[in-house]
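# Survey of secondary and tertiary structure
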Number of protein chains: 2
Amino acid sequence: MAQKAGVSVTTVSRVINNSKPVSSELRERVERVIKETGFAPSEVARGLVHRKTKLIGLMIPKVANTFFSQLIEGAEQVAKANGFNILLTVSHMDMEKEVDYLSIFKDRQLDGIIFSVSQFTNLHRQFFNEFEIPTVFLGQQIKETPYPYILIDNFKASYEATKYLINKGHEKIGILKGPDYDISTGYERYRGYQQALQDAGLAVHDDWVFSDFHDINNGYRGMKTIMEQDELPTAMFACSDVMAVGAINYLQDHGFRIPQDMSIIGFDDAELSTMFRPKLTTIRQDSFEMGAEAMRCLIEQIVEKKTEKKEIIFPHQLIERESTAETTNYLRR
Amino acid sequence: MAQKAGVSVTTVSRVINNSKPVSSELRERVERVIKETGFAPSEVARGLVHRKTKLIGLMIPKVANTFFSQLIEGAEQVAKANGFNILLTVSHMDMEKEVDYLSIFKDRQLDGIIFSVSQFTNLHRQFFNEFEIPTVFLGQQIKETPYPYILIDNFKASYEATKYLINKGHEKIGILKGPDYDISTGYERYRGYQQALQDAGLAVHDDWVFSDFHDINNGYRGMKTIMEQDELPTAMFACSDVMAVGAINYLQDHGFRIPQDMSIIGFDDAELSTMFRPKLTTIRQDSFEMGAEAMRCLIEQIVEKKTEKKEIIFPHQLIERESTAETTNYLRR
DNA sequence: CTGTTAGCGCTTTCAG
DNA sequence: CTGAAAGCGCTAACAG
């Protein structure tokens, strides 16, 4: 390349990066050859010099899930707009894999990490202690690192969802939640539910609490388990839309009508919330925008070369649709 | 690192890569320091030496779509198992972006590309002519490059879907398809539909043909457009499940029953096919496995250092569920 | 078996 | 304004 244009590599570098003045003559010559040969500098070599890769590691538990797939799109868009690319890894909620990927991120000298932790273990702690790399945590309040985290207020959102059901006259309210160790969708959402019940003078009925991974089958199974109890709830708070849909499927398959026989509120406002009939009443969180914001926050850390601990709480919103109703005309159970 | 262990960097390299014999004494010393410091070699520097990055570029039009999100998971799993990582880009069906990303892939010296092309333009052609990089195309028969492509037989699958409807006694069959320039989900699926109709002595009714991007709203809109015609079909072939769901929503919202008043067959067997009620009759394609296989095929090219043109046709399968029925007791229209 | 040397393709001093 | 030289962190070829 430099040869072809009859200049030094330095000059080529200078015209490409516009880093130092170059005479218009040489510049033109170089530009011509660039156009002809389609030359572009090796990002790898550049990376070696600058100790920057312009690569962001994005680690999430699952792709095939509206929340995450939209989040990815948001993050990708912002990354692209800032000259970054995304190295995507899927952890499948496996802590070992998470730590494994973390060190891959390190070895590859990624410029930053966006990380949806499933559980912050000692191995995680160790990594972030030993190694310094701009990071944004997703979905959980990770307080023990200097890095920001971004999430919605799961406690509050769940409190509101439960309160909403209570305001509709429900007193027997069950919950379909994530696994206990999943702080945000398991623990926090359960806490909100519990608190709302308590504040209304209602008791938590353990038989109406079901925990497992968020997927449709578990929603189905969870609802089944609960409907096999002697005493039945009149409303359910499903901590994800997929759980809600699974639950509704179970109920409909067994002759129950929604919302006439059971009110169900979901969480996420996934695309399916409106495709599904009845349309889901749910808590909306803007996952695309959360991905975008996480990426903005990360890039800011990278370019400013400083990270400040901050907590980004995203707004959520209760959207009332068709899967919930007043208790007034509920059958006696 | 080398200093700490009191050896040369070469020796360190040798124990890490096990590339040449090292005395057990030095080896131990080095290993100890590695353990202590958590040292790991820079992938970037390695990449520069080897001209390999162990990175695969994956370009798809959309993440938030079951077909692609599962495909990503399949590809990621295989990549990981072989020591590769994925650089993910989302093209949003934008040809310029596609070409743009292609050259990013080149500049970053990715080891290979898995590419779901929307339309193979001159710019694409030019890229693949000028530049040699292991590639696997996804979803379209790209015949003009030396690289393999992987897809299902869209023509045949659509023929079967349409034939299935015909066998149920339907003679008035509409179609909700992808945009024309989308060879696989637009053109090929339309061709299969058309051929099946023709072979059965049925005519294509242009008013029952609707084309647009595959999403739920377009399914809704498409069905609306068709239902506003004077003469109505008794069955629809939706070229994607999301289209099918949109269509069903429209019909149900307007008092039609599925499948009693209209039979609908989808395409993809997305997760929602069974969550949705009525459960969708659809054409199943295994996108996870397609992603995995594409990655295997790509990695083979990379390690064998040779590419042979091949065509990987994945099986598809018609799955009969609840959204289709015999015409026998259809209302006269 | 081990270390020294060269070089991967770039950018950044440092001279001129 | 321009080029030569040094070096980013590693591996491979070459001596010893």
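Described in the following lines is the structure provided in the data block. Bear in mind the structure is a predicted one, so any value in this text is a computation, not a measurement. (Residues numbered from 1 in each chain as written. Chains lettered and ligands numbered in written order. Predicted model: local features only at pLDDT ≥ 70, side-chain atom pairs only at ≥ 80, totals over all residues. Heavy atoms only, no water.)

### Some thoughts on the interface of chain A and chain B
How big an interface is tends to be reported as the loss of accessible area on association of its parts. This is how it is decided: Contact definition: two residues touch when any of their heavy atoms are within 4.5 Å. Summed over both partners, the accessible area (1.4 Å probe) lost when two parts come together is defined as the buried area. Any Lys or Arg side-chain nitrogen found within 4 Å of a carboxyl oxygen on Asp or Glu counts as a salt bridge. Pairs of N or O atoms within 3.5 Å make up the polar contacts considered here, provided that, within protein, one atom can donate a hydrogen while the other can accept it, and that residues adjacent in sequence are counted only when both atoms are side-chain atoms. Each helix is a run of DSSP H or I of at least 4 residues and each strand a run of E of at least 2, with the numbering of both proceeding from the N terminus. In this classification, Asp, Glu, Lys and Arg are treated as charged, Ala, Val, Leu, Ile, Met, Phe, Trp, Tyr, Cys and Pro as nonpolar, and every other residue, Gly included, as polar. Note on pairing: two strands pair once DSSP finds at least 2 bridges between them.
In this complex, chain A contributes 49 residues to the contact, which on the side of chain B involves 49 residues. Summed over both sides, the interface of chain A with chain B buries roughly 4,300 Å², with 54% coming from carbon and sulfur. At the junction of chain A with chain B, the criterion picks out 4 salt bridges. The partner of Asp253 of chain A in a salt bridge is Arg277 of chain B, and the shortest N-O contact between them spans 2.5 Å. At the surface where chain A touches chain B, the tally comes to 30 residue pairs in polar contact (both at pLDDT 80 or more). Of all the secondary-structure elements, those providing two or more residues to the side of chain A that touches chain B are helix H4 (43-50), helix H5 (66-81), strand S2 (85-90), helix H6 (95-107), helix H11 (241-253) and helix H12 (272-275) of chain A. With 7 residues, the single largest contributor to the side of chain A that touches chain B is H5 of chain A. Partitioning the side of chain A that touches chain B into residue classes produces 20 nonpolar, 15 polar and 14 charged. Pairing of S2 of chain A with strand S2 (residues 85-90) of chain B involves 3 bridges; the strand directions are antiparallel. Bridge pairing in S2 of chain B links Leu88 of chain A to Ile86 of chain B.

### Describing the environment of Val242 of chain B
All names here are of chain B. If you trace the backbone, Val242 turns up in helix H11 (residues 241-253). Spatially, the C-alpha atom of Val242 lies 11 Å from that of Gly178, the residues being 64 residues apart in sequence. Excluding residues that lie within four positions of it along the chain, Val242 makes contacts with His214, Asp215, Ile216 and Leu272.

### Let's talk about the nonpolar core
Stated formally: Put simply, a nonpolar core is a bunch of buried Ala, Val, Leu, Ile, Met, Phe, Trp, Tyr and Cys residues held in one set by side-chain atoms that sit within 4.5 Å of each other. The classification of residues rests on relative accessible area computed with a 1.4 Å probe and restricted to protein chains. Under 20% of the type maximum is buried, over 50% is exposed, and intermediate values are partly exposed.
Judged by nonpolar contacts, the single largest core of 96 residues is most densely connected at Leu88, Phe237 and Met295 of chain A together with Leu88, Phe237 and Met295 of chain B. Counting 50 residues, the second-largest nonpolar core is a separate cluster that includes Ala244 and Phe276 of chain A together with Phe210 and Ala244 of chain B.

### Details of the protein's contact with DNA strand D
Test applied: Here a residue is near a molecule or strand as soon as one of its heavy atoms is found within 4 Å of it.
Around DNA strand D, the surrounding shell holds 23 residues, and the nearest of these are Thr11, Arg14, Ser23 and Arg51 of chain A together with Ser13 of chain B. The protein-proximal atoms of DNA strand D, defined as those within 4 Å of the protein, are 65% sugar or phosphate. Measuring from a base nitrogen of DNA strand D, one finds a side-chain N or O atom of Thr10 of chain A at 3.3 Å. Within the contact set of DNA strand D, a phosphate oxygen lies 2.8 Å away from a side-chain nitrogen or oxygen of Arg51 of chain A. At the level of secondary structure, the elements contributing two or more residues to the surface near DNA strand D comprise helix H2 (9-17) and H4 of chain A together with helix H2 (9-17) and helix H4 (43-50) of chain B. Classifying every residue of the surface near DNA strand D gives 9 nonpolar, 9 polar and 5 charged.

### Notes on the sheet that holds strand S7 (residues 209-211) of chain B
Residues and elements named next belong to chain B. Threshold: Inter-axis angles, ranging from 0 to 180 degrees, are taken between N-to-C directions of lines fitted to C-alpha atoms, where helices are fitted over the stretch in contact.
If you walk across this open sheet you meet the 4 strands as S7-S6-S8-S9, and the pairing is parallel. Two strands close off the open sheet at either side, each with one partner strand: S7 and strand S9 (263-265). Across the sheet, the mean angle from the axis of one strand to that of its neighbour is 15°, orientation sign disregarded. Here strand S6 (residues 173-177) pairs with strand S8 (residues 235-238) via 4 bridges, running parallel. Bridge pairing in S8 links Ile175 to Phe237. Docked against the sheet, helix H8 (residues 154-167) engages S6, S8 and S9, running at close to 165° with respect to S8.

### Focus on the relation of the copies chain A and chain B
The pair of chain copies shares a relation made of a rotation about an axis and a shift along it. Put simply, the rule is: Least-squares fitting of one copy onto the other uses the C-alpha atoms of those residues that reach a pLDDT of at least 70 in both copies.
Mapping chain A onto chain B calls for a rotation angle of 180° and an axial translation of 0.0 Å; the resulting RMSD is 0.1 Å. The superposition operator between the copies reduces to a two-fold rotation axis. Among all residues of chain A, the minimum C-alpha distance to the rotation axis is found for Leu87 of chain A, at 2.2 Å. Same-surface contact between copies: 100% of interface residues of chain A are shared with the interface of chain B.

### Comments concerning helix H5 (residues 66-81) of chain B
Filter applied, for reference: Helix span, as expected, comes to 1.5 Å for every residue beyond the first.
Counted at 1.5 Å a residue, the expected span for H5 of chain B with its 16 residues is 22 Å, and the 23 Å between its end C-alpha atoms agrees. When H5 of chain B is considered as a whole, its buried residues turn out to be Phe67, Phe68, Ser69, Leu71, Ile72, Glu73, Gly74, Ala75, Glu76, Val78 and Ala79 of chain B. In this structure, the buried side of H5 of chain B is in contact with S2 and H6 of chain A together with strand S1 (55-60), S2, strand S4 (135-138) and helix H13 (287-304) of chain B. Its side-chain oxygen placed 2.9 Å from the backbone nitrogen of Phe67 of chain B, Asn65 of chain B serves as the N-cap of H5 of chain B. After H5 of chain B finishes, the residue Gly83 of chain B shows a positive phi value of roughly 80°.

### Considering the pattern of salt bridges
Residues and elements named next belong to chain A. Taken as a whole and judged by the stated rule, the model has 40 salt bridges over all chains. In this structure, the salt-bridge partner of Lys168 is Glu326, at a minimum N-O distance of 4.0 Å. Taken as a pair, Lys168 in the loop between helix H8 (154-167) and strand S6 (173-177) and Glu326 in the segment after strand S12 (317-319) lie far apart in primary sequence, 158 residues in all. Several salt bridges share partner residues, and in doing so they unite Lys168, Glu320 and Glu326 into one network.

### Remarks on H13 of chain B
All names here are of chain B. Here H13 spans 25 Å end to end across 18 residues, near enough to the 26 Å set by a 1.5 Å rise per residue. Those residues of H13 that fall on the buried side of the exposure criterion are Ser287, Met290, Gly291, Ala292, Ala294, Met295, Cys297, Leu298, Ile299, Gln301 and Ile302. In the stretch just after H13, Lys305 is the one whose phi turns positive, near 60°.

### Details of the pairing of strand S5 (residues 149-152) of chain B
Residues and elements named next belong to chain B. Taking every second residue as pointing to the same face, both faces of S5 are buried, with Tyr149 and Leu151 on one and Ile150 and Ile152 on the other. As paired strands, S4 and S5 are joined by 2 bridges and run parallel to one another. Across the sheet, residue Leu138 finds its bridge partner in S5, namely Ile150.

### Points about the protein's contact with DNA strand C
Lining the immediate environment of DNA strand C, one finds 22 residues, of which Ser13 of chain A together with Thr10, Thr11, Arg14 and Ser23 of chain B sit closest. Restricting the count to atoms of DNA strand C within 4 Å of the protein gives a sugar and phosphate share of 62%. In this structure, Ser8 of chain B approaches DNA strand C through a side-chain N or O atom, which is 3.4 Å from a phosphate oxygen. Within the contact set of DNA strand C, a phosphate oxygen lies 2.9 Å away from a side-chain nitrogen or oxygen of Arg51 of chain B. The set of elements that each furnish at least two residues to the surface near DNA strand C consists of H2 and H4 of chain A together with H2 and H4 of chain B. Broken down by element, the residue count for the surface near DNA strand C peaks at 4 residues, all from H4 of chain A.

### Looking at the pairing of strand S1 (residues 55-60) of chain A
Where a strand is regular, its side chains alternate between the two sheet faces. Residue and element names in this part refer to chain A. Heads up, the rule is: We call a crossover right-handed when, viewed with the strands running away from us, the connection from the first strand over the helix to the second turns clockwise.
In terms of burial, S1 is a largely internal element, 6 of the 6 residues being buried. Residue alternation in S1 divides its side chains into two sets, Leu55, Gly57 and Met59 and Ile56, Leu58 and Ile60, and both sets are buried. Across 6 bridges, the pairing between S1 and S2 is parallel. For Gly57, the partnering residue across the bridge sits in S2 and is Leu87. Note that the unit made of S1, H5 and S2 has a crossover that is right-handed. Sheet analysis places S1 next to strand S3 (residues 112-115), joined by 4 bridges and oriented parallel. Bridging from a neighbouring strand, Gly57 pairs with Ile113 of S3.

### Here's the deal with the sheet that holds strand S7 (residues 209-211) of chain A
All names here are of chain A. Taken together, 4 strands build an open sheet; the order of strands is S7-S6-S8-S9 and the sheet is parallel. Strands with a single pairing partner mark the edges of an open sheet, and in this sheet they are S7 and strand S9 (263-265). Across the sheet, the mean angle separating the axes of adjacent strands is 15° when strand polarity is ignored. Examined bridge by bridge, strand S8 (residues 235-238) and S9 share 3 bridges and lie parallel to one another. Counted as the bridge partner of Phe237 is Ile265 from S9. Against the sheet, helix H9 (residues 183-199) touches S6, S7 and S8, its axis set at about 170° to S6. The strands touched by H11 are S6, S8 and S9; relative to S9, the strand with the most contacts, the crossing angle is about 160°.

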